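Observations on chain architecture
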Amino acid sequence: MSKQPAAVIGVGQTHHRAKRDDVSMAGLCREAIDRALADANLGFDDIDAIVVGKAPDLFEGVMMPELFLAEALGAAGKPLLRVHTAGSVGGSTAIVAASLVQSGVHKRVLTVAFEKQSESNAMWALSVPLPFIMPVHAGAGGYFAPHVRSYIRRSNAPSHIGAVVAAKDRQNALKNPYAHLHNKDTTVESVLASQMLWDPIRYDETCPSSDGACALVIADGDTANATESPAWIHGTVMRSEPTTAAERDQVNPQAGRDAAAYLYRQAGITDPLKQIDAAEIYVPFSWFEPMWMENLGFAEEGQGWQLTESGGTAMDGVLPVNCSGGVLSSNPIGASGMLRFAEAALQVRGQAGEHQVDGVRRALGHAYGGGSQFFAMWVVGAEPPAH
Amino acid sequence: MVGFAHEQMTDFDGSPTMVELLVPLFREVYEQTGFTRKDIGFWCSGSSDYLAGRSFSFVQAVDAIGALPPVNESHVEMDAAWALYEAWVKIQTGEVDTALVYGFGKSSAGTLRRTLGLQLDPYTMTPLWPDQVSLAGLQARLGLEAGLWDETALAEVAHRSLTDAELNPHAVRRGGSSVAELLQREMYADPLRKHDIAPVTDGAAALVLAADDRARDAAQRPAWITGMAHNIDPQHLAARPLTEAPSARRAGAAAGVAAGVEVAELHAPFSHQELILRRELGLADGVHINPSGGALVGNPMFTAGLNRIGEAAGSIWRGEASKVLGHATSGPLLQQNLVCVMEGTAR
Amino acid sequence: MSPSEARTLSAPVRVSFDYTRSVGPVLGRFFDGLREGRLLAGRTGDGQVIVPPPEFDPVSHDAVTDFVEVPDTGTVVSWSWVPEPVEGQPFDRPFAWVLVQLDGTTGPFLHALDVAGPDEVEVGQRVQVRWRDERVGAITDIVCFEEPVEADDEPRGVVADDADAAPGVAAGGDATPLITPVNLAYTYAASPEESAFFRGLQEGRILGQRCPACGKVYVPPRGACPVDGVPTTDEVELAGTGTVTTFCIVNVPFMGQKIKPPYVSAYVLLDGADIAFLHLILDVPAEEVRMGMRVEAVWRPRDEWGTTVENISHFAPTGEPDADFESYKVHL
């Protein structure tokens, strides 16, 4: 058996905001879904199955919300799956949806990922106090900051690299009308001047907390060939490892390295920096850009920061990274991974609007979650895969 | 399907991530199949954060795998039967040829009749905290009033389940008496008696899938999946006929239930729901329903559906049947249903 | 069973949050009606009249825009008895749930019925809404159903089409968010391996366990070695000294925080362990904490000890020279 060809033929997302208090959960999802269906020129009746993804149910206080949302998502009378793989979930959800087409089980699958973070408080939902232990971490920032410190020590990176990333992504976000943050005055200097929250992570180096959703329509080869600009799926991968283990590398996790290697093999990529024209990488704290550049094989270990510092990841750089503004500019957690996958698809379809990079033939979408332990990635291309 | 092991109890005295329960179950399926963890191409689990009472409850369960070097792994916030579906799809993409599916749930960590209230519409229903037993009672009475079943029919389901449970070492409730005696027992959640309601159960399960020759190597008589499909109904109480389960009907048709099924393991947490499912799946009178005793004798949330499929596969492994089906349900009032048809010979 | 006899330690946990729900135009309209003591149904494309109105039409999938006001009377089509109510339900004594076909509607609506016993409710019974006096625009503005005050044998028709305001944010009235408390009680249990660790702490000991497969020492011990998938076994008592591998200075307040920022949370690699352990570094200015710093556990007074990590108040510098980076770099 080998995989059937599959492609993204519809992309939709919401305007991401701190509070989308104009819509319910159903309304939020539908804003993304309706845009994706319109983009694909399809209606609900054309859809064979629906795959829903989101991060922990404690965020919205609903257990398996896809059950009550079934009608609103157009899923009633159809197969519906709900994926939850921590922060990587938006990516994993798209991969599960793609597998429904690649296996030949379905022809047209709608997938949607969302988070309505304003219904609760993420820091509470992620760390409900447990007996016998003490709350030492202070949310995700507190969790990741020590690993950022380890990276800086290991790579001898100068201390302003995180600010370079934050300033770049916030400037990119100005070109993306859907982005949550539109802070036009963000510069490397202003980021460096912002409050140190979880030393070494500053306020402007962290992602916002957003309400938002993203939806994709993924279709089989025949359907995709009949559309104007499908984003062909050249490879998908999911890899996981434990949160903590003796001598586990938490800066450059093996699961991420393995995932990238497996992905590139599928997509026939031998020199990722040359062969990938744009990347949307899950960077919730700015320092993760150089860390993931190394993990994904775009730079040698310890040299990711040089790629960032040299402007190599800017929109006009050798590898434009997060032209959409990335997670640093919009973070509806459950949808953030799918947004990366969606933005990669928009780039190869030439439909990224103002933040389009010229001539993108192949793009990478990347998501990670948990304690840098769950990875989901795909490569999409403007042409059908060679095999 | 080449391996299956599960455990269930009324009250598990360990962590909500159930790692300590999963480790021996994995060992058991390795022994059954001759596989080691390195032979497994894909891992997929089903569980719920709200059942455990904490976010990311599935994350620590990954430890039970021994996940360094890293593994190809995914998770659904659903009964592990849907994790099985994801794994089955993955195998059909050709990317992997083996998968280990697992699930776990510690219902006793909280109050299940409160926890499941969170599965309802959060705007117009959850604030009233309707519980799953009461909702099932409303459904049962609709059928009683419409003459779709009567109290005796419910007692017959319970009696058969409790009697069959005597042969099932995993049952947390067992011992039939007679239909007449069951009918003498007092009402609990009128129109339901306690034996019409699945017991609150903790549990974990592991199941192994393999394709083609990998399956032939791992089992003498694999249970070949010849069809698997699932479907969901609207949740709004006015948006579907409440005494029917159209999604079960559609899933059954898509999975190819048709004729020839000898054994059916149905995930019916309430007596009358078995009657609904038998009708929707078009199961003839001769079909052996729930030889394990079914969910009425043990209903571990998030694995009970996978258990039905594992139990049905068992009757193929043991040579007792050549075509069987396993069914799983999720959500209130049989809202979402999955049907897996297995045969003793590959198609 | 006393905690020392049980196989595992357990303790109560409350998962409690007041969720703020934005409801959107359709439900906003429904809740506005409830606040005014009116029941609004949605009319769907296939002619169904449903309470509460569905947000999206099940057939056309478009947002529902056709609203109908229906009377607050109806007929019981099904009921079930609640012998043991749970927290949050409309009554804290036994009661009935009812499916009521409201007059003028085509499907059932769920709420409670105020009756003393199951012999007081029957299918076909006429009922009416008992409204709360002070309404806020929530489903709980309906207290329950009750017997009609006046003889009421005949179903009534639709009160009126509710075609005034067009749907949109404005139709959701003042867009008051719905506050939904979700307060669940759980019993959290530690695994047997973790329980051994917490019980050791009660005796002032830090107990790790070795994985029988890879030989690594885990602290706390694990139900499954994350590399080998087997429980850690042989007990290893660890000294209270160790090395800071990496850390973060917390300057941000958060819910449930017990220490006033700024403070240092650090991974401490205890001497003899193969995995770092997360704790606080105090008794030293935050800016002086370094990777490689040697630290030791500072215990609370013995009479405050319980089965908790909090027995160790924090870690403090020992004054020894810093550990060489090479000695702990594989633990980052």
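What counts, and where the lines are drawn
Residues numbered from 1 in each chain as written. Chains lettered and ligands numbered in written order. Predicted model: local features only at pLDDT ≥ 70, side-chain atom pairs only at ≥ 80, totals over all residues. Heavy atoms only, no water. Helix = DSSP H or I, 4+ residues; strand = E, 2+ residues; numbered from the N terminus. Rg over C-alpha atoms; globule rule 2.2 N^0.38 Å. Buried < 20%, exposed > 50% of the residue type's maximum accessible area, 1.4 Å probe, protein only. Contact = heavy atoms within 4.5 Å. Areas by Shrake-Rupley, 256 points an atom, 1.4 Å probe, with all protein chains shown as cover. Lys, Arg positive; Asp, Glu negative; His and termini not counted. Charge placed at Lys NZ, Arg CZ, Asp CG, Glu CD. Phe/Tyr/Trp six-rings, centres within 6.5 Å; stacked < 30°, edge-to-face > 60°. Lys NZ or Arg CZ within 6 Å of the ring centre and 35° of its normal. Polar contact = N/O pair within 3.5 Å; in protein donor to acceptor, adjacent residues only side chain to side chain. Salt bridge = Lys/Arg side-chain N within 4 Å of Asp/Glu carboxyl O. pLDDT = per-residue confidence, 0-100. Pairing = 2+ DSSP bridges. Buried area = accessible area lost by both parts, 1.4 Å probe. Nonpolar A, V, L, I, M, F, W, Y, C, P; charged D, E, K, R; others polar. Domains from an automatic or database assignment. Core = buried A, V, L, I, M, F, W, Y, C linked by side-chain atoms within 4.5 Å.

1. Remarks on the overall build of chain B
Counting its regular elements, chain B contains 11 helices and 11 strands. The C-alpha radius of gyration computed for chain B amounts to 19 Å, which stays within 12% of the reference 20 Å derived for 347 residues, consistent with globular compactness. A total of 347 residues make up chain B; the buried ones form 73% of that total. Residue pairs in contact within chain B that sit at least 24 positions apart in sequence constitute 77% of those at least 6 positions apart. Entry remark: accessible area of chain B is about 9700 Å², with carbon and sulfur atoms responsible for 48%. Where the 27 positive side-chain charges of chain B centre and where its 41 negative ones centre are 1 Å apart.

2. Observations regarding the packing of aromatic side chains
Within this structure, the stated rule accounts for 32 aromatic pairs over all chains. Consider the rings of Trp124(A) and Phe17(C), whose centres lie 4.8 Å apart with planes at 35 degrees: the pair is tilted. Of the two residues, Trp124(A) sits in helix α4 (residues 122-126) while Phe17(C) sits in strand β1 (residues 10-21), which places them in two different chains. Note on Phe56(B) and Phe58(B): the rings are 6.5 Å apart at their centroids and 80 degrees apart in plane angle, and the pair reads as edge-to-face. Given the relative accessible area of 1%, Phe58(B) is considered buried. Taken together, the ring pairs in this structure connect Tyr143(A), Phe144(A), Trp198(A), Tyr282(A), Phe285(A), Phe288(A), Trp292(A), Tyr368(A) and Phe375(A) into an aromatic cluster. Taking the ring centre of Phe56(C) as reference, the NZ or CZ of Arg30(A) above it sits at 4.2 Å. If you follow Arg114(B) out to its NZ or CZ, it ends over the ring of Trp129(B), 4.0 Å from the centre.

3. Some words on the side chain of Asp211(A)
All names here are of chain A. Here Asp211 is to be found in strand β7 (residues 211-220). For Asp211, a relative accessible area of 0% gives the class buried. Reaching out from Asp211, the side chain makes a polar contact with the backbone nitrogen of Gln117 at a distance of 2.8 Å. Residues in contact with Asp211, not counting those within four places in the same chain, are His15, His16, Arg17, Ala18, Lys19, Arg20, Glu115, Lys116, Gln117, Ser118 and Pro332.

4. Describing helix α10 (residues 271-280) of chain B
Residues and elements named next belong to chain B. The buried fraction of α10 amounts to eight of the 10 residues, a majority that puts the element mostly inside the structure. Among all positions of α10, only Ser271, His272, Gln273, Glu274, Leu275, Ile276, Leu277 and Glu280 are buried. Lining the buried residues of α10 we find α5 (132-146), α6 (151-164), α9 (246-255), β8 (288-289), β10 (323-330) and β11 (336-343). Trailing α10 by a residue or two, Gly282 shows a phi angle of about 65 degrees, which is positive.

5. Topic: the pattern of salt bridges
Using the criterion set out here, one finds 59 salt bridges over all chains in the structure. The closest approach of N and O atoms between Lys184(A) and Asp185(A), which form a salt bridge, is 3.9 Å. There is no split in this pair, since Lys184(A) and Asp185(A) are both exposed. When the shortest N-O distance is used, the salt bridge between Glu326(C) and Lys329(C) registers 3.1 Å. Judged by its relative accessible area of 34%, Lys329(C) is partly exposed. Salt bridges here are not isolated pairs; linked through shared partners, they connect Arg20(A), Asp22(A), Glu31(A) and Arg35(A).

6. Structural notes on the confidence of the model for chain B
Per-chain confidence: chain B averages 97 in pLDDT, with 100% of residues scoring 70 or above. Across the assembled chains, the prediction reports ipTM 0.97 with pTM 0.97.

7. Regarding the sheet that holds strand β13 (residues 217-218) of chain C
All names here are of chain C. Spatially, three strands are ordered β13-β12-β14 in an open sheet, and the strand pairing comes out antiparallel. One side of each edge strand has no neighbouring strand; the edge strands of this open sheet are β13 and β14 (235-238). Both strand β12 (residues 206-210) and β14 contribute to a ladder of four bridges, which runs antiparallel. Within the sheet, the bridge partner assigned to Gly208 lies in β14 and is Val236.

8. Digging into the interface of chain B and chain A
Residue-level contacts link 56 residues of chain B with 55 residues of chain A. Carbon and sulfur atoms supply 65% of the area buried between chain B and chain A, which totals about 4700 Å² over both sides. Linking chain B with chain A are one salt bridge. In this structure, Glu95(B) engages Lys3(A) in a salt bridge whose closest nitrogen and oxygen atoms are separated by 2.9 Å. Elements with a minimum of two residues in the side of chain B that touches chain A: α2 (49-52), β3 (73-76), α3 (80-92) and β6 (224-232) of chain B. Here the element with the most residues in the side of chain B that touches chain A is α3(B); it accounts for seven residues. In terms of residue class, the side of chain B that touches chain A is made up of 27 nonpolar, 18 polar and 11 charged.

9. Some details on the domain arrangement of chain B
All names here are of chain B. Its domain assignment divides chain B into domain 1 (3-111 + 200-218) and domain 2 (113-198 + 222-343). Using only C-alpha atoms to locate each centre, domain 1 and domain 2 end up separated by 22 Å. At the junction of the two partners, domain 1 supplies 38 residues and domain 2 supplies 36 residues. Regarding the contact of domain 1 and domain 2, the summed buried area is about 3000 Å², with carbon and sulfur atoms giving 69% of it. The interface formed by domain 1 and domain 2 holds zero salt bridges in total. At the boundary of domain 1 with domain 2, the tally comes to 12 residue pairs in polar contact (both at pLDDT 80 or more). Elements represented by at least two residues in the side of domain 1 that touches domain 2 include exactly β1 (3-9), α2, α3, β4 (98-106), β5 (200-210) and α8 (212-218). In terms of residue count, the dominant contributor to the side of domain 1 that touches domain 2 is β5 (eight residues). Across the side of domain 1 that touches domain 2, the residue classes tally to 19 nonpolar, 13 polar and six charged.

10. Here we look at the pairing of β6(B)
Residue and element names in this part refer to chain B. Among the nine residues of β6, nine are classified as buried, and the element is accordingly described as predominantly covered. The sheet contact formed by β6 and β11 spans eight bridges and is antiparallel. Paired with Met228 across the bridge in β11 is Cys340.

11. Let's talk about the nonpolar core
With 287 residues, the main nonpolar core has Leu364(A), Met1(B) and Met342(B) as its most contacted residues. When residues no more than four places from it in sequence are discounted, the contact partners of Met1(B) are Leu84(B), Leu207(B), Val208(B), Leu209(B), Pro222(B), Ala223(B), Ile225(B), Ile309(B), Ala313(B), Trp317(B), Cys340(B) and Met342(B).

12. Observations concerning the environment of Tyr264(A)
Residue and element names in this part refer to chain A. Structurally, Tyr264 can be placed in helix α9 (residues 254-267). A C-alpha to C-alpha distance of 19 Å links Tyr264 and Gln373, two positions 109 residues apart in sequence. Contacts of Tyr264, omitting those with residues within four sequence positions, involve Ile269, Pro272, Ile276, Leu296, Phe298 and Leu364.

13. Remarks on the interface of chain C and chain B
In this assembly, 65 residues from chain C lie in contact with 53 residues from chain B. At the boundary of chain C with chain B, the tally comes to three salt bridges. A salt bridge links Asp63(B) to Arg222(C), with the nearest nitrogen and oxygen atoms 2.9 Å apart. Secondary structure elements with two or more residues in the side of chain C that touches chain B: β1, α1 (24-35), β5 (73-82), β6 (95-102), β7 (108-113), β11 (178-189) and α2 (192-202) of chain C. Here the side of chain C that touches chain B takes 11 residues from β11(C), the largest share from any one element. A breakdown of the residues in the side of chain C that touches chain B according to their chemical character gives 42 nonpolar, 15 polar and eight charged.

14. A closer look at the sheet that holds β11(B)
Residues and elements named next belong to chain B. Taking strand neighbours across the sheet as the criterion, the five strands line up as β6-β11-β10-β7-β8 in an open arrangement whose pairing is mixed. In the strand order of this sheet, the two ends are held by β6 and β8, each with one partner. Of the strand pairs in this sheet, strand β7 (residues 263-265) and β10 are connected by three bridges, and their pairing is parallel. When the sheet's bridge partners are listed, Glu265 is paired in β10 with Gly326.

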